[in-house]
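The residues making up each chain are set out below.
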Amino acid sequence: MTAMTHPENHGDAPEKAMTISEYGAQKALGIIGQSGKENAGVRVFIKSGGCSGYQYGMAIDDRELEGDTVVVDRGVKLLVDHMSLSLLRGSEVDFVENMMGGGFTVNNPNATSSCGCGHSFRTDSAQSPDGEGSSGCGSH
């Protein structure tokens, strides 16, 4: 069963599973609008790898899978699978622009350390998967 939360509709709701910044929402809505996918959202997920043990991933997705948590914040549907949710709970998706370009990022309160590139992280309760997480920033 898909869990649904709508943070923008519940002022006194329990802690939001995930949010998106105003600027991140503007960028995401623009990308979703150009995707041609009806009812699409941003799937945010975690995968093993990267310098610090885990990597963030994002994709435009128009499917809600069994076990997904779906959060609608600032008009953007965020989809998070059950396995990733424990590492992403309370995170904010944002869009940053700097001299190297721009892109989406995750401000994750669960991360106790992260790689200098900002694409991978580690938590106190999670060790790097065996054989992974020891490579440099350029390996993702």
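Rules and cut-offs
Residues numbered from 1 in each chain as written. Predicted model: local features only at pLDDT ≥ 70, side-chain atom pairs only at ≥ 80, totals over all residues. Heavy atoms only, no water. Helix = DSSP H or I, 4+ residues; strand = E, 2+ residues; numbered from the N terminus. Expected span 1.5 Å × (residues − 1). Buried < 20%, exposed > 50% of the residue type's maximum accessible area, 1.4 Å probe, protein only. Arc of directions from axis to C-beta. Salt bridge = Lys/Arg side-chain N within 4 Å of Asp/Glu carboxyl O.

Enquirer: Looking at this model, I keep getting lost on helix H1 (residues 22-35). Mind explaining?
Expert: Each α-helix winds once per 3.6 residues, and so residues spaced three or four apart point in a common direction. The first and last C-alpha atoms of H1 sit 20 Å apart over 14 residues, in line with the 20 Å expected at 1.5 Å per residue. Of all the positions in H1, only Gly24, Ala25, Ala28 and Ile32 are classed as buried. Burial along H1 is one-sided: seen end-on, the buried residues are contained in an arc of 95°. Facing away from the buried side of H1 by more than 90 degrees, the exposed set consists of Gly33 and Gln34. Among the residues trailing H1, glycine 36 stands out with phi positive, at a value near 75°.

Enquirer: Can you help me understand the pattern of salt bridges in this one?
Expert: Should their charged atoms come close, side chains of opposite charge can pair. Taken as a whole, this structure holds 6 salt bridges when the rule is applied. Across the salt bridge formed by aspartate 61 and arginine 63, the nearest N and O atoms sit 3.1 Å from each other. You can call arginine 63 partly exposed: its relative accessible area is 46%. Two residues, glutamate 64 and lysine 77, come together in a salt bridge whose shortest N-O distance is 3.1 Å. Note that glutamate 64 is positioned in the loop between strand S4 (54-61) and strand S5 (69-73) and lysine 77 in strand S6 (residues 76-80), a separation of 13 residues in sequence. Assessed through its relative accessible area of 38%, glutamate 64 is described here as partly exposed. The buried category is assigned to lysine 77, whose relative accessible area is 17%. It is possible to trace a salt-bridge network through shared partners that takes in Arg43, Asp61, Arg63 and Asp68.

Enquirer: Help me understand unusual backbone geometry in this model?
Expert: What is expected of a backbone is that most residues other than glycine have negative phi and most peptide bonds are trans. At asparagine 39, a position not held by glycine, the phi torsion is positive, near 55°. On the secondary structure map, asparagine 39 appears in the loop between H1 and strand S3 (41-48). The backbone phi angle of arginine 74 is positive, close to 55°, even though this residue is not glycine. Note that arginine 74 resides in the loop between S5 and S6.

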